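# Overview (structure and organization)
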Amino acid sequence: MSTPRLIRVPSRRRVRRAETPPPAYTEYDVHDAAQAVPHERDVRGIPGHNAADASPQATFTGGPRCQSTFCYRSVIGASQYCRKHECSVGGCIDRRGKGRGKRYCTTHECRWRGCDGFKSGPSNYCARHTCRLDSCHAPSPEDGYDYCDGHTCRIQRCPSQREAPSKYCSKHRCRATGCNRALLKSSEFCGIHKCEVDRCRAARRDGSNLCTRHECSVEDCSGRRFDKSQYCGAHKCVNKGCVDPQIEGFRHCTQHKCRECERPCIPESGFCRRHKCREARCPQARAIGSTWCPRHVCQWAGCVEPALRRDGFCGDHTCSSGECLEKVHQMEGVTGDYCRSHTCAEEGCLQNTAKVAYCAEHQCQRRACPESRFWSDEHGGREHQCCKHHTCNQGACYAPAVRNRTFCEDHMCPFAEGCMAPRAPDLGCCEGHKCYQESCREPCIPKSLFCASHVCARRGGCTEAPVEGGRFCVRHTCTRRGCVERAGDGGFCKDHVCAWEAGCLSGRPSPDHLYCETHTCTQRGCYKRCKGPCGLCAIHACHWSQMCTSAPVNSGEYCQRHTCTKDGCARASVVEESLCSRHACSWDSSICLKPRWKRSSYCEDHTCGEMGCGYSRMPEGSYCSDHSCQASKSCTGQAEVGSDYCIDHKCNRPNCRLKSVGGTPFCKNHKSLHHLLGDHELASLQSFRSRSAFGFIDPIAAASLTNVDYSKGKHPKYLSRQRQWV
């Protein structure tokens, strides 16, 4: 018994592919492996057998090897291939096709490109790629088709079966009975059986090219309908836009045919131009014998002219007054030019009314009076200017009465208040309004008992009688005895009233006075106007100001308050109860009322602080301009004798009058001495200068006071030797 060997498969066959391959063994291979001899089985895992000792050469010991490349299995029967590479058809010993999933040889495999199926019957293709009809073995034209080219619908992309004898399937064949043609797009019929109207999908009617929807509705007519109509052009109304049928024997429908003739009617009317009313917007028929309908023809009997308004009258039979459209008034066979409302109300007169009811010849002359001026009275037949209500009530007078009166201008009382009584004989007014002045026949003025000639002449409506010999009444005459001139509000005329400018109403005390007692100077024998509301005049009062009215003192010109307070001085004070300008301080910056100091023109506070100087101080300083330091405006110190600068701003060099500079106590000429003197107090130098006979200090002597050694290279030659001060 041979040792079992493990069949090793090359590693490249165990690599996983991108697609899942078909199984390497079939159900037949599994059945044969169970019946194989032991030496043909896998011996891995059996004790006593080493798998490493197995070799490929050992597989040839049992029989011939499979002729397939790299295959070491044994062949089966009379075949030259193993079960895996032999054709799966029973009895066929040919090799399978190469490639994954191949199970049949080229003789039994489907010839459809890319198909691994088994041929079906006598066909060269599998059942999926062979025509389904039993008697047909032709291949299908494309993948997914169930029938061959001869049995597939000729419509592109349609896999359905043809319906014999047509070349198209039931979905793409014309629905007409007995028609084998293909139907058109968006329709169920072919071009011969489809309605010839574009976009219509219905079938033609027998004997016609149109469907029932597009064929004329008239019997035995195969014409095409018009849009939105059920009739063709031969049976539709010829009027544009109309869809109704024609009347038999005419070209128009009942809506567009004239009711009187065969002509077309006007839109929105039932009549043609010959039978319609000439009014543009009227659809009615003309009246007999006229070109207008009964509503637009003149309503006057026998007139056929057009009316100015509906159910009105023509221009000849319409009132001529303004915009009135009423018919003219007819009287006893005579036709006027105006209607009854605008015709004169006088019997037999056809003239136009002027105001209300009568013409200009018969109306009352009073404005807005509707009555006639012809009225019957005892005189009868006489023409009046106004009606009875507006005629003068005086007997035998027919003049018009004055407005709101009952008499005319010749017989009414002219009293301004509206007296209704008649004028008295030989008088200019009635008895009640006669002037109370004797022998005066004129009417009095309103609210007075006198006429305009005998009433007070003052303007403003005074109704009293004037005084004797004058033109004004007692209230408006001057109260001065013997004066009859007009008085003012105070009771005096302009010649006897006070002449005070502020409007004094008092009278003058005598003819020599121009002012009243209150506004006359209180000085005896003086008649001039007082300076204030009362008191002395400008000559006798204080002259200090226009407002002061006090009397002057000590035979001077000023009162006690405005006289200088200096004893024995009568001049005017600067302000009230102060000194005069001669005894007061003359300070310019502000008013100073203090007395002057000694021989100066200024007070003690404003005089220079230098002894014996009488000039004024500088502003915000204690000395005048000659004795003040000139170093800066802010310095208020006293200038040194013989110098313009104070001790703080003057050069510390003895007998030098210049200004110190550069933050040093010396001027620009002596600033080199700043370091020589050091910290020595300069008071000793000043005291030494004051004790000197000539006010001169020798610089060598000054240097000896400070104990400073001079260098030969920095100072003059005369300073090279030191001298001891004795």
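Everything quoted here is computed from the prediction, not taken from an experiment.

Another aspect to go through is the overall build of the protein. In terms of regular secondary structure, the protein is built from four helices and two strands. In the protein, which comprises 726 residues, the proportion classed as buried is 33%. Put simply, 9% of the contacts in the protein that link residues at least 6 apart link residues at least 24 apart. Per element, the accessible surface of the protein, about 49,200 Å² overall, is 47% carbon and sulfur.

On average, residues of the protein score 77 in pLDDT, and 83% of them are at 70 or above. Here residues 677-696 is modelled with pLDDT under 50, and outside its nearest four sequence neighbours on either side it reaches 18 contacts, counting other chains as well. Scored below 50 in pLDDT, residues 704-726 shows 23 contacts in the model against residues more than four places distant or in partner chains.

Below, the discussion takes up the side chain of Ser660. Take Ser660: it is sitting in the loop between strand S2 (334-335) and helix H2 (674-677). Sequence-distant contacts of Ser660, that is, excluding residues within four places in its chain, are made with Asp648, His649, Lys650, Cys651, Pro665, Phe666 and Cys667.

Cis geometry marks the peptide bond from Ala164 to Pro165, where omega comes out at 5 degrees. Within the element layout of this structure, Pro165 appears in the loop between helix H1 (27-34) and strand S1 (330-331). In this structure, Glu620 is a non-glycine residue whose phi angle is positive, near 65 degrees. Its relative accessible area of 81% is what places Glu620 among the exposed residues.

What follows covers the pattern of salt bridges. Counting across every chain of the model gives eleven salt bridges. Across the pair Arg132 and Asp146 runs a salt bridge, and its minimum N-O distance is 3.2 Å. One end of the pair, Arg132, is in the loop between H1 and S1; the other, Asp146, is in the loop between H1 and S1, and 14 residues separate them in sequence. Accessibility expressed as a relative area gives 25% for Asp146, which makes it partly exposed. Glu215 is the salt-bridge partner of Arg205, the closest N and O atoms lying 2.3 Å from each other. Here the residue Arg205 occupies a position in the loop between H1 and S1, and Glu215 occupies one in the loop between H1 and S1, the gap between them amounting to ten residues. The exposure class assigned to Glu215 is buried, which follows from its relative accessible area of 5%. Bridged by salt links that share partners, the residues Lys102, Glu109 and Asp116 form one connected network.

Attention now moves to the environment of Glu361. By the secondary structure assignment, Glu361 is in the loop between S2 and H2. Sequence-wise, Glu361 and Phe374 are 13 residues apart; in three dimensions their C-alpha atoms are separated by 9.9 Å. Contact partners of Glu361, with chain neighbours within four places excluded, come to Arg373 and Phe374.

Moving on, we come to the packing of aromatic side chains. Summed over the entire model, instances satisfying the criterion amount to two aromatic pairs. Considering the side-chain rings of Tyr104 and Phe118, the 5.2 Å spacing of their centres and the 40 degrees angle between planes classify their relative orientation as tilted. Pair noted here: Tyr104 is in the loop between H1 and S1 and Phe118 is in the loop between H1 and S1, with a separation of 14 residues, a long-range link. Look at Tyr104 and you get buried, because its relative accessible area is 13%. With a relative accessible area of 40%, Phe118 lands in the partly exposed category. For the pair Trp300 and Phe313, a centre-to-centre distance of 6.5 Å together with 70 degrees between the ring planes defines the contact as edge-to-face. With Trp300 in the loop between H1 and S1 and Phe313 in the loop between H1 and S1, the pair connects residues that are 13 residues apart, well separated along the chain. The two residues Trp300 and Phe313 agree in class, both being buried.

So, about the environment of Glu268. Within the fold, Glu268 resides in the loop between H1 and S1. Sequence-wise, Glu268 and Arg281 are 13 residues apart; in three dimensions their C-alpha atoms are separated by 9.3 Å.

Tracing the backbone through its elements, the reader meets Lys236 in the loop between H1 and S1. In this structure the side chain of Lys236 is engaged in a polar contact, spanning 2.8 Å, whose partner is the backbone oxygen of Cys242. Beyond its immediate sequence surroundings of up to four residues, Lys236 is in contact with Phe226, Ser229, Tyr231, Cys242, Val243, Asp244, Gln246 and Arg251.

Once that is clear, we can look at the state of the cysteines. By definition, a disulfide links two cysteine residues through a covalent bond between their sulfur atoms. With the rule as written, the count across this model stands at zero disulfides. With no disulfide partner, Cys105 has as its closest neighbouring cysteine sulfur the one in Cys87, 3.6 Å distant. Of all cysteine sulfurs in the structure, the one in Cys169 sits closest to Cys158, which takes part in no disulfide; the separation is 3.7 Å. A relative accessible area of 7% places Cys158 in the buried class.

Reading the values: the criteria
Residues numbered from 1 in each chain as written. Predicted model: local features only at pLDDT ≥ 70, side-chain atom pairs only at ≥ 80, totals over all residues. Heavy atoms only, no water. Helix = DSSP H or I, 4+ residues; strand = E, 2+ residues; numbered from the N terminus. Buried < 20%, exposed > 50% of the residue type's maximum accessible area, 1.4 Å probe, protein only. Contact = heavy atoms within 4.5 Å. Areas by Shrake-Rupley, 256 points an atom, 1.4 Å probe, with all protein chains shown as cover. pLDDT = per-residue confidence, 0-100. Salt bridge = Lys/Arg side-chain N within 4 Å of Asp/Glu carboxyl O. Phe/Tyr/Trp six-rings, centres within 6.5 Å; stacked < 30°, edge-to-face > 60°. Polar contact = N/O pair within 3.5 Å; in protein donor to acceptor, adjacent residues only side chain to side chain. Disulfide = S-S within 2.5 Å.

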